Amino acid sequence: MAPDASDPELRISAGAIRLRKGGVPVVCLTAYTYPVARLLDGHVDLLLVGDSVAMVLHGHKTTLGASLEMMIAHGQAVIRGSARACVVVDMPAGSYEATPRQAVASARRIVGETGCQAVKLEGGVTVARQIAAIVAAGIPVMGHIGLQPQSVESDGGYRIKGRTEENVAALYRDAEAVEKAGAFSVVIEGTVETVAADLTRHISIPTIGIGASGDCDGQILVIDDMVGLTVDRVPKFVKQYADLRSVILQAAASYAAEVRSRTFPGPAHVFSTAADNDKE
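Residues numbered from 1 in each chain as written. Predicted model: local features only at pLDDT ≥ 70, side-chain atom pairs only at ≥ 80, totals over all residues. Heavy atoms only, no water.

Quick word on the sheet that holds strand E1 (residues 26-30)
Short version of the rule: Here the rule is simple: two strands pair whenever DSSP picks up at least two bridges between them. Helix numbering and strand numbering both begin at the N terminus, where a helix is a DSSP run of H or I of at least 4 residues and a strand a DSSP run of E of at least 2. The axes used here are C-alpha line fits, helices contributing only the stretch in contact, and every angle between their N-to-C directions lies in the interval 0 to 180 degrees.
Taking strand neighbours around the barrel as the criterion, the eight strands line up as E1-E2-E3-E4-E5-E6-E7-E8 in a closed arrangement whose pairing is parallel. In this sheet, adjacent strand axes meet at a mean angle of 25 degrees when their direction is disregarded. Sheet topology note: the strand E4 (residues 118-120)/strand E5 (residues 141-146) ladder contains two bridges and is parallel. Paired with Lys 120 across the strands is Met 142, a residue of E5.

Here's the deal with the UniProt feature "binding site: 3-methyl-2-oxobutanoate" (unreviewed entry) in the protein
Definition in use: UniProt positions are given in the numbering used here, feature names are shortened, and annotations may be inferred rather than shown by experiment. Any residue under 20% of the maximum accessible area for its type is buried, any over 50% is exposed, and the rest in between are partly exposed; the area is computed with a 1.4 Å probe on protein chains only. Here, two residues are considered to be in contact whenever any of their heavy atoms come within 4.5 Å of each other. Polar contacts, as counted here, are pairs of nitrogen or oxygen atoms within 3.5 Å of one another; within protein the pair requires one atom able to donate a hydrogen and one able to accept it, and residues that are adjacent in sequence qualify only if both atoms are side-chain atoms.
Under the feature "binding site: 3-methyl-2-oxobutanoate" (unreviewed entry), the UniProt entry names Asp 51, Ser 52, Asp 90 and Lys 120. What stands out for the annotated residues spanning 70 residues is how close their C-alpha atoms remain, the widest pair being 12.5 Å apart. For Asp 51, a relative accessible area of 4% puts it in the buried group. If sequence neighbours within four positions are ignored, Asp 51 has contacts with Thr 63, Ala 66, Met 71, Asp 90, Glu 122 and Gln 150. Here Ser 52 is to be found in the loop between strand E2 (46-49) and helix H3 (53-56). Classification of Ser 52 by relative accessible area gives buried; the value is 13%. Not counting the four nearest positions on each side in its chain, Ser 52 is found in contact with Thr 30, Tyr 32, Thr 63 and Val 222. A polar side-chain atom of Ser 52 sits 2.6 Å from a polar atom in the side chain of Tyr 32.

Digging into a nonpolar patch on the surface
Here is the rule we go by: Only residues whose relative accessible area exceeds 30% and that form no salt bridge are eligible for patches; like-charged ones are grouped when within 9 Å, while nonpolar side chains (Val, Leu, Ile, Met, Phe, Trp, Tyr) are grouped when within 5 Å. All accessible-area figures derive from a Shrake-Rupley calculation using a 1.4 Å probe, and residue coverage is judged against the displayed protein chains alone. When a carboxyl oxygen of Asp or Glu is within 4 Å of a side-chain nitrogen of Lys or Arg, the pair counts as a salt bridge.
A surface patch of nonpolar side chains, amounting to about 310 Å² of accessible area, comprises Met 55, Val 56, Leu 57 and Tyr 158. For Met 55, the location among the structural elements is in helix H3. Residue Met 55 is classed as partly exposed on the basis of its relative accessible area of 30%.

Here we look at the nonpolar core
What counts here: Grouping buried Ala, Val, Leu, Ile, Met, Phe, Trp, Tyr and Cys residues that are joined through side-chain atoms within 4.5 Å yields what is termed a nonpolar core.
Formed by 58 residues in total, the largest nonpolar core has its most connected members in Leu 47 and Ile 134. Those residues in contact with Ile 134 that sit more than four places away from it in its chain are Met 91, Ala 103, Val 104, Ala 107, Val 119, Leu 121, Ile 139 and Val 141. One finds Cys 86, Ala 118, Val 187 and Ile 208 within the second-largest nonpolar core, a separate group that totals 16 residues.

Details of the pairing of strand E7 (residues 207-210)
Stated precisely, the cut-off is as follows: Here is how to tell: hold the view so the strands point away, follow the path from the first strand over the helix to the second, and if it runs clockwise the crossover is right-handed.
Burial along E7 is two-sided: Thr 207 and Gly 209 facing one way and Ile 208 and Ile 210 facing the other are all buried. With four bridges joining them, strand E6 (residues 185-189) and E7 adopt parallel strand pairing. Residue pairing in the sheet places Val 186 in a bridge with Thr 207 of E7. Since E6 and E7 lie parallel, the crossover through helix H9 (residues 193-202) that links them has a hand, and here it is right-handed. Bridge count for E7 against strand E8 (residues 218-221) is two bridges, and the pairing is parallel. From the neighbouring strand, Ile 208 faces E8, where its bridge partner is Gly 218.

Have a look at this one:
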């Protein structure tokens, strides 16, 4: 039976995540599809419909390939497949940076069309006005500082943050700006471990680490990385808990061999004239 996604009382709220500061770590994973959301829902506190979907499922080179329509479609699938987890949908590049008004309009569309509990956007000082405006409109916001995938082209690649005094100071300004603007939590990505730990102690909202620190208030990974489905480079910070890529490759090879040898389909997989065998 599918989960009852229509009852908001069953879900962990953004406010409940906010109260987890300094407590039991918040368990987060990305999800982009209905079946994966169903599998993960009972194990996590938060499901992020990340703009990484553009790379993971759609084959784009960066997250810049994500569109508002893409995020909404995958957000709808994850909401339908979950009942307990707090669902957060990424705001894609180009949907919020221009003005607070644009940010609010995009956030309202995401929440209105998916039913998600919050949105996430990247940046600190530069998007503080957007965060404040979205929060003022009644929509919870998760921040994202440190390495920001939407900025990799302007940054010249995936560069770890927190390795210079100047950059550390900028990270503190970003963290403080996100907190002051009213975000309920903030992702810290690709940041030197000691800096991420210090940032976690410095601000009052939960930090969610990815390539950051075990001292963060929670952790997140891309589900495809975590279960070994990634076909390209896997980041250093990923721990693979399964090797589904090998399982799928073996299954495909076995299927191909059986089709070519005409051993599949067999008697158990075709319909006969007997009524009992007519059930799919």
